[in-house]
Amino acid sequence: MGIRLPRPPPLLSFSLRQRHLPQHFPTTIVPFGRMASNLSTVFGLKDSSLIKTQGFIDGKWLDAKDGTTISVTNPATGEEIGTVPEMGIKETQEAISSAHRAFATWKKTTAKTIENGKTLTESKGEVAYSSSFLEWFGMYYQEALPKNSSSTLTSSLAEEAVRTYGEHIPTSVPGVRNVTIMQPVVTGSAILTPWNFPSAMITRKLGPALAAGCTAVIKPPPETPFSALALTELARRAGFPDGVINVGFIPLSPFLDSAETNDRCPFESQVVTTAKNVGEVGKELCENVNVRKVTFTGSTAVAKLLYSMSASTMKKISFEAGGNSPFIVFDDADIDAAIEGAIACKFRASGQTCVCANRIYVQSSVYAEFASRLAARVTAFKVGNGLDKESTHGPLIHERAIQKVEGHVSDALSKGAQVLVGGKRIDGPGSFFAPTVLADVPPDVKLTEEEVLRLANDSEFGLAGYFYSRDVGRVWRVAEALEVGMVGTNTGLISQAVIPFGGVKESGIGREGGHGIKEYMQTKLITFGL
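Parameters and conventions
- Residues numbered from 1 in each chain as written.
- Predicted model: local features only at pLDDT ≥ 70, side-chain atom pairs only at ≥ 80, totals over all residues.
- Heavy atoms only, no water.
- Axes fitted to C-alpha atoms, helices over the stretch in contact; angles between N-to-C directions.
- Helix = DSSP H or I, 4+ residues; strand = E, 2+ residues; numbered from the N terminus.
- Parallel < 35°, antiparallel > 145°, perpendicular 65-115°, else oblique.
- Contact = heavy atoms within 4.5 Å.
- Nonpolar A, V, L, I, M, F, W, Y, C, P; charged D, E, K, R; others polar.
- Salt bridge = Lys/Arg side-chain N within 4 Å of Asp/Glu carboxyl O.
- Buried < 20%, exposed > 50% of the residue type's maximum accessible area, 1.4 Å probe, protein only.
- Expected span 1.5 Å × (residues − 1).
- Core = buried A, V, L, I, M, F, W, Y, C linked by side-chain atoms within 4.5 Å.
- Phe/Tyr/Trp six-rings, centres within 6.5 Å; stacked < 30°, edge-to-face > 60°.
- Left-handed = near helix turned anticlockwise from the far one by under 90°.

**Notes on the packing of helix α3 (residues 120-137) against helix α5 (residues 200-212)**
Consideration 1: Following both chains from N to C, one finds α3 and α5 inclined at 10 degrees, their axes separated by 8 Å at the closest point. Our classification of the angle between α3 and α5 gives roughly parallel. Every residue of α5 that contacts α3 at Glu126, Tyr129, Ser130, Phe133, Leu134 and Phe137 is listed here: Ala200, Met201, Thr203, Arg204, Gly207, Pro208 and Ala211.
Consideration 2: Looking at the contact of α3 with α5 residue by residue, the classes come out as eight nonpolar, three polar and two charged.

**Considerations on the pattern of salt bridges**
Consideration 1: A complete count under the given rule lists 22 salt bridges for this structure.
Consideration 2: Put simply, Asp332 and Arg474 hold a salt bridge, and the shortest N to O gap is 3.1 Å. Taken together, the residues span a long stretch of sequence, with Asp332 in the loop between β14 (325-329) and α10 (335-346) and Arg474 in helix α14 (residues 472-481) at a distance of 142 residues.
Consideration 3: According to the relative accessible area criterion, Asp332 is partly exposed, its value standing at 21%.

**Let's talk about helix α6 (residues 226-238)**
Consideration 1: A rise of 1.5 Å per residue sets the reference length of α6, with its 13 residues, at 18 Å; its end C-alpha atoms lie 18 Å apart and thus fit the reference within 8%.
Consideration 2: Here α6 has its buried residues at Phe226, Ala228, Leu229, Ala230, Thr232, Glu233 and Ala235.
Consideration 3: Along its buried surface, α6 packs onto β3 (55-57), β4 (60-62), β5 (69-73), β6 (80-85), α5 and β11 (245-247).
Consideration 4: Taken from the residues just after α6, Gly239 is the one with a positive phi, measuring 105 degrees.

**What to know about the nonpolar core**
Consideration 1: If you look at the biggest cluster of nonpolar residues, it comprises 34 residues, and the most contacted ones within it are Phe327, Val329, Val355, Phe370 and Met486.
Consideration 2: Within the residue set of this core, elements represented by two or more residues are β14, α10, β15 (357-362), α11 (364-379), β17 (437-439) and β20 (464-468).
Consideration 3: Top element by residues in this core is α11. It accounts for seven residues.
Consideration 4: Judged by nonpolar contacts, the second largest core, of 24 residues, contains Ile51, Ile218, Phe226 and Leu229.

**As for the packing of aromatic side chains**
Consideration 1: With the rule as written, the count across this model stands at ten aromatic pairs.
Consideration 2: Judged by centre distance (6.4 Å) and plane angle (80 degrees), the rings of Phe330 and Phe467 are edge-to-face. With a gap of 137 residues between them, Phe330 in the loop between β14 and α10 and Phe467 in strand β20 connect regions that are remote in the sequence.
Consideration 3: The exposure class assigned to Phe467 is buried, which follows from its relative accessible area of 0%.
Consideration 4: Centroid distance Phe347 to Phe381: 5.2 Å. Interplanar angle 75 degrees. Geometry classified as edge-to-face. One end of the pair, Phe347, is in the loop between α10 and β15; the other, Phe381, is in the loop between α11 and α12 (399-414), with 34 residues separating them in the sequence.
Consideration 5: An aromatic cluster is built from Tyr129, Phe133 and Phe197, whose rings are joined through pairwise contacts.

**Looking at the packing of α10 against α11**
Consideration 1: Where α10 contacts α11, the axes come no closer than 10 Å and their chain directions differ by 50 degrees. By the angle between their axes, α10 is oblique relative to α11. The interaxial crossing formed by α10 with α11 has right-handed handedness. Contacts between α10 and α11 involve Ile335, Asp336, Ala338, Ile339, Glu340, Ala342 and Ile343 from the first element and Val366, Glu369, Phe370, Arg373, Leu374 and Arg377 from the second.
Consideration 2: Class assignment of the residues belonging to the contact of α10 with α11 gives a composition of eight nonpolar, no polar and five charged.

Written out as structure tokens, the structure is:
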């Protein structure tokens, strides 16, 4: 029995993240004015002082030296919700210098053990996900815990920070002993994060960096700056010394303008209207000798540019770049589980995650059932403002994302695809597009297991892949054959703090989470003569 691509087609394309769609979309934002006093009501915060609208350098909240700002808008309404300073090379150099000074003492510190439209449920889930990285790497500042604290934090931490083991290396040379120790990369690290997970992508990088003994300069996305600033304020309150954590805002669009972009790159849409400083700032972060580590999540096109600039000073790097994830449903799969997995994998954050399924292949004998039942589930989605408790899915990040989705749907329809659900933007304010399922997507061919794997692997990207089957032999064959860094077998959710998150091919270099603290450390050999 073969796996049959269209008519009835085994490839389903979804408008929110079709084969070539950008993957990353929003969290929860609502209009509020620029004054922090108005924000606690809007965001439901008891502590409005967590809302910051300035950069953070050397323990101080600062505006840009020239007073320029970046506008932050709510994708659910299109309204401006606030501004943050657009910082240039002078502020960047100050942040790097601050991190460099702080490194001298921080490296010796002993480890003791609305912005983007997501629904409230997804946003709360991200907060828990963000916290899990700090718990896993065991990084909190001991002085921040009151002496009479009843916190259970110390007993719950995995404390990777205290497991950076060296080793003893036996030798045949008489009178010699070899040992290795792990040390933080010299001075600071530059952390560049995306807008789809404005909190979790920071803690996934910052957690191991701080635990390793590194200081950091963070460049959050201008679309979702307030989560980063709130995290920074919490770190300040926790007692982290001045200069250990620094935050500045610089849009990345010139990188994208100069890069040879590809439709499958997830961060093509990280373009904003003002970006006059990004060229020189990006160059400074990658070439300044006081930055010894650069970590980035975004498109492959931008990752390659950062890679080339970082090469001038031979920096240590870790990049999570674009994905083009296959999702395969074999005829022996649990269809109920496969549908739930497809929904969780494909439509999480309105289809805007780096590991969303891009290409869904379904074996012909179960294709019709899978397609009709999936379409029925998608029809029941409630698309709306993320703060509306009835909303199951929020907007796309901005108008350019809408235009890209429309282009992909139009292209698929022109080649014979049929719309089962959605297929068009939702009228009214905001960047909303109806969740869409397309069927009868070309090509029309019969496929064996080997051939569907060939199609699944026919991509320059290799971040994640998924498949459903209850045949033990097939499970091992397919899991080993998929050319990706992460495989979800009978599950559509793979992200956890404890796993090595990352891809192969052009989907990145290095791993985050798991033992990712090693990405911020270097091995030193010490040989003793006796």
